[in-house]
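Next come the chains, spelled out residue by residue.
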Amino acid sequence: MRTSANPTIYRRELKGRILEVAMREFKRKGVRSVKMDDIARILSISKRTLYEIYSDKQELLLEGIRHEERLHDEHISIFASGKGAIDILMEFYRMQINQIGDVNPLFYDGVKKYKMVRDYIRERHLIHQQKVLDFFKKGVKDGYFRDDIDYELISRLAEDVSRLVMESSMYSEYSLEHVFRNIFFLFFRGFSTPKGIEVMDSLLAEER
């Protein structure tokens, strides 16, 4: 493997490549099926080098999920500038569909087995709650969402439904894309105003 003249830059680049390869393999084969040895072999680096950067698979998986969450948040933040609530909502939908479309369900089974990862995901849900409520308020103000709905309750219900899907391994019976699409439209069409539904249907028609 070619190395950078600057050891610090090389290390940073290598760390990024490790995350990219690890998450690709985890999602394709499932976390349990991918060993640290496999990742080192694909990258043509020694196991010692890999373990110097990530002490174990749990740390590597956790950092990979964190990295993808940061990229997701950055994209939505940039996209949302000057956009209406329905546009933001549909971009979130497209991102989620693209993200889960090629993921082996075994990946989610593996994620559930790591406490640090589970704790991080729960923490993220708590942090996102206020952002979600602010988003709903914007939608109400813009006339896209109904003003007679308890959105804090809706947010909690959506979170519980998502948790149920994962904990019950529902994705072993239905594709995650199918599950997410049905849950998504059940919730959002339910509390959208006629104006919101019209805009949503228009955006969906453009994608067909």
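Computed from a predicted model, the values in this text were never measured in an experiment.

Looking at the overall build of the protein
When helices and strands are counted, the protein shows 10 helices and zero strands. Shown N-terminal to C-terminal, the secondary structure of the protein runs as helices and strands in the order α-α-α-α-α-α-α-α-α-α. Oriented by its inertia axes, the alpha-carbon framework of the protein measures out at about 60 × 40 × 35 Å. Looking at the 208 residues of the protein, the share that counts as buried comes to 38%. Long-range contacts, defined as pairs at least 24 residues apart, comprise 67% of the intrachain contacts of the protein with a sequence gap of at least 6. Positive and negative charge centroids in the protein, built from 36 and 34 side chains respectively, lie 6 Å apart.

A few points about the pattern of salt bridges
Following the criterion strictly, the structure yields 19 salt bridges and no others. The residue glutamate 68 makes a salt bridge to lysine 27 at a minimum N-O spacing of 2.8 Å. A residue pair is termed long-range when its members are at least 10 positions apart, and glutamate 68 in helix 4 (residues 57-80) and lysine 27 in helix 1 (residues 7-29) qualify at 41 residues. Members of the salt-bridge network, linked through shared partners, are Arg24, Glu25, Arg28 and Lys29.

Overview of the packing of helix 4 against helix 5 (residues 85-101)
The N-to-C vectors of helix 4 and helix 5 enclose an angle of 150°; their axes lie 10 Å apart at closest approach. Taken together, the axis directions place helix 4 and helix 5 in an arrangement best described as roughly antiparallel. Of the two elements, helix 4 crosses helix 5, and the hand of that crossing is right-handed. Contacts between helix 4 and helix 5 involve His72, His75, Ile76, Phe79 and Ala80 from the first element and Asp87, Ile88, Glu91, Phe92, Arg94, Met95 and Gln96 from the second.

Quick word on unusual backbone geometry
Phi is positive for serine 44, which is not a glycine, with a value near 55°. For serine 44, the location among the structural elements is in the loop between helix 2 (36-43) and helix 3 (47-53).

Things to note about the nonpolar core
Ile18, Phe26, Ile39, Leu61 and Phe145 are the most contacted members of the largest nonpolar core, which has 57 residues in total. Each residue touching isoleucine 39, except ones within four places of it in the same chain, is listed here: Ile18, Val21, Ala22, Phe26, Val34, Leu50 and Leu60.

Side note on the confidence of the model for the protein
Reading fine detail from the predicted coordinates is not recommended where pLDDT is low. Averaged over all residues, the pLDDT of the protein equals 88, while 96% of them reach at least 70. Per-element mean pLDDT across the protein ranges from 84 in helix 8 (residues 151-167) up to 96 in helix 2.

Section: the side chain of serine 155
Looking at the secondary structure, you find serine 155 in helix 8. Serine 155 gets classed as buried once you look at its relative accessible area, which sits at 12%. Not counting residues within four places of it along the chain, the set of residues in contact with serine 155 comprises Gln129 and Val132.

A few points about helix 5
Note on helix geometry: an α-helix contains 3.6 residues per turn, so any two residues three or four positions apart are oriented the same way. Given a rise of 1.5 Å per residue, 17 residues ought to cover 24 Å, and the 24 Å separating the end C-alpha atoms of helix 5 matches this to within 8%. What helix 5 keeps buried is the set Ala85, Ile86, Ile88, Leu89, Met90, Glu91, Tyr93, Met95, Gln96, Ile97 and Ile100.

Describing the packing of aromatic side chains
Counted according to the given criterion, the structure contains 18 aromatic pairs. Measuring from centroid to centroid gives 5.7 Å for phenylalanine 180 and phenylalanine 184, while their planes differ by 40°, and the two rings are tilted. Note that phenylalanine 180 and phenylalanine 184 are positioned in helix 9 (residues 176-191) at a spacing of four residues, about one turn of the helix. The residues phenylalanine 180 and phenylalanine 184 share a single accessibility class, namely buried. Where phenylalanine 188 meets phenylalanine 191, the ring centres are 5.1 Å apart and the plane angle is 65°; that geometry is what we call edge-to-face. One end of the pair is phenylalanine 188 and the other is phenylalanine 191, both in helix 9 and three residues apart, which spans about a single turn. With respect to class, phenylalanine 188 is no different from phenylalanine 191; both count as buried. An aromatic cluster is defined as three or more aromatic residues linked by ring pairs; in this entry it consists of Phe92, Tyr93, Phe135, Phe136, Phe145, Tyr151, Phe180, Phe184, Phe185, Phe188 and Phe191.

Conventions and cut-offs
- Residues numbered from 1 in each chain as written.
- Predicted model: local features only at pLDDT ≥ 70, side-chain atom pairs only at ≥ 80, totals over all residues.
- Heavy atoms only, no water.
- Helix = DSSP H or I, 4+ residues; strand = E, 2+ residues; numbered from the N terminus.
- Buried < 20%, exposed > 50% of the residue type's maximum accessible area, 1.4 Å probe, protein only.
- Contact = heavy atoms within 4.5 Å.
- Lys, Arg positive; Asp, Glu negative; His and termini not counted.
- Charge placed at Lys NZ, Arg CZ, Asp CG, Glu CD.
- Salt bridge = Lys/Arg side-chain N within 4 Å of Asp/Glu carboxyl O.
- Axes fitted to C-alpha atoms, helices over the stretch in contact; angles between N-to-C directions.
- Parallel < 35°, antiparallel > 145°, perpendicular 65-115°, else oblique.
- Left-handed = near helix turned anticlockwise from the far one by under 90°.
- Core = buried A, V, L, I, M, F, W, Y, C linked by side-chain atoms within 4.5 Å.
- pLDDT = per-residue confidence, 0-100.
- Expected span 1.5 Å × (residues − 1).
- Phe/Tyr/Trp six-rings, centres within 6.5 Å; stacked < 30°, edge-to-face > 60°.

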